[in-house]
Amino acid sequence: EAQVTQNPRYLITVTGKKLTVTCSQNMNHEYMSWYRQDPGLGLRQIYYSMNVEVTDKGDVPEGYKVSRKEKRNFPLILESPSPNQTSLYFCASRNWYEQYFGPGTRLTVT
Amino acid sequence: AQTVTQSQPEMSVQEAETVTLSCTYDTSESDYYLFWYKQPPSRQMILVIRQEAYKQQNATENRFSVNFQKAAKSFSLKISDSQLGDAAMYFCAYSGGSNYKLTFGKGTLLTVNP
């Protein structure tokens, strides 16, 4: 079954404590991306990757890092989380025709 | 930069009735895709329907259909015979150019009344 997995699904953390949200896809897609969803703002792209070792900033990259060492994995790293990064995060991968979303990670930073 | 506008933050419809959700977009690209996604309370993003800009025929998926007006840059979603399970947040999205990025509207919350 084609899918994108994310872990953890829920995370509560404190300001400044580094965290990583993992993302993995089993469709051999070259393109992967991260979005955050906030009420009234829709989904906004954080970072994307066109292939292994190729990443670039999206619309709201501040405070985030990513890496793409393997085609299937695209982790999102928050080196020093702040309360304004409390949000719902989606990982996605796509081919030219369709985008597949992970189930989302609800992050709360206190 | 591409932008997507959903002018209706909330809509409501009676069960079995028809409702239309509006979406406009701005782009200088000639080749692109447009999407409607449904997000139920589970928060999962579910693709409802997709339209390729080069196709003149409006896409249809069962009770869901679109009215794609390329010159007006308009892409509305019509839901016929609305069901309680259609209640969700609906997002319009645009994809064009080379980086596969999806640009989303802010969403329309649809309520279905029994």
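Structure: see above.
Reading the values: rules and limits
Residues numbered from 1 in each chain as written. Chains lettered and ligands numbered in written order. Predicted model: local features only at pLDDT ≥ 70, side-chain atom pairs only at ≥ 80, totals over all residues. Heavy atoms only, no water. Helix = DSSP H or I, 4+ residues; strand = E, 2+ residues; numbered from the N terminus. Rg over C-alpha atoms; globule rule 2.2 N^0.38 Å. Buried < 20%, exposed > 50% of the residue type's maximum accessible area, 1.4 Å probe, protein only. Contact = heavy atoms within 4.5 Å. Areas by Shrake-Rupley, 256 points an atom, 1.4 Å probe, with all protein chains shown as cover. Lys, Arg positive; Asp, Glu negative; His and termini not counted. Charge placed at Lys NZ, Arg CZ, Asp CG, Glu CD. Phe/Tyr/Trp six-rings, centres within 6.5 Å; stacked < 30°, edge-to-face > 60°. Lys NZ or Arg CZ within 6 Å of the ring centre and 35° of its normal.

K.L.:
Just to check I follow, could you spell out the overall build of chain B for this structure?
P.N.:
For chain B, the helix and strand inventory stands at zero helices and twelve strands. Secondary structure elements of chain B occur, N-terminal to C-terminal, as β-β-β-β-β-β-β-β-β-β-β-β. For 114 residues, the compact-globule formula gives about 13 Å, and the C-alpha radius of gyration of chain B, at 14 Å, lands near that figure. Principal-axis analysis of the C-alpha atoms places the extent of chain B at approximately 45 × 25 × 20 Å. Counting over 114 residues, chain B shows a buried share of 47%. Considering only contacts within chain B whose residues lie at least 6 apart along the sequence, 55% involve residues at least 24 apart. Accessible area for chain B stands at about 5600 Å²; split by element, carbon and sulfur atoms hold 45% of it. Here chain B carries 10 positive and 10 negative side-chain charges, and the mean point of each set is 5 Å from the other.

K.L.:
I'm lost on the packing of aromatic side chains in this one. Help?
P.N.:
Each aromatic ring pair is summarised here by two numbers: the centre-to-centre distance and the angle between the ring planes. Applying the stated rule across the entire model yields 16 aromatic pairs over all chains. Centroid distance Tyr-32 of chain B to Tyr-94 of chain B: 5.3 Å. Interplanar angle 35°. Geometry classified as tilted. Separated by 62 residues along the polypeptide, Tyr-32 of chain B in strand E5 (residues 32-39) and Tyr-94 of chain B in strand E10 (residues 88-96) bring together distant segments of the chain. Each of the two residues, Tyr-32 of chain B as well as Tyr-94 of chain B, counts as buried. Put simply, the rings of Tyr-35, Phe-90 and Phe-101 of chain A together with Tyr-33, Phe-35, Tyr-37, Phe-91 and Phe-104 of chain B pair up and form one aromatic cluster. Directly above the aromatic system of Phe-74 of chain A lies the positively charged group of Arg-68 of chain A, at a separation of 5.9 Å from the ring centroid.

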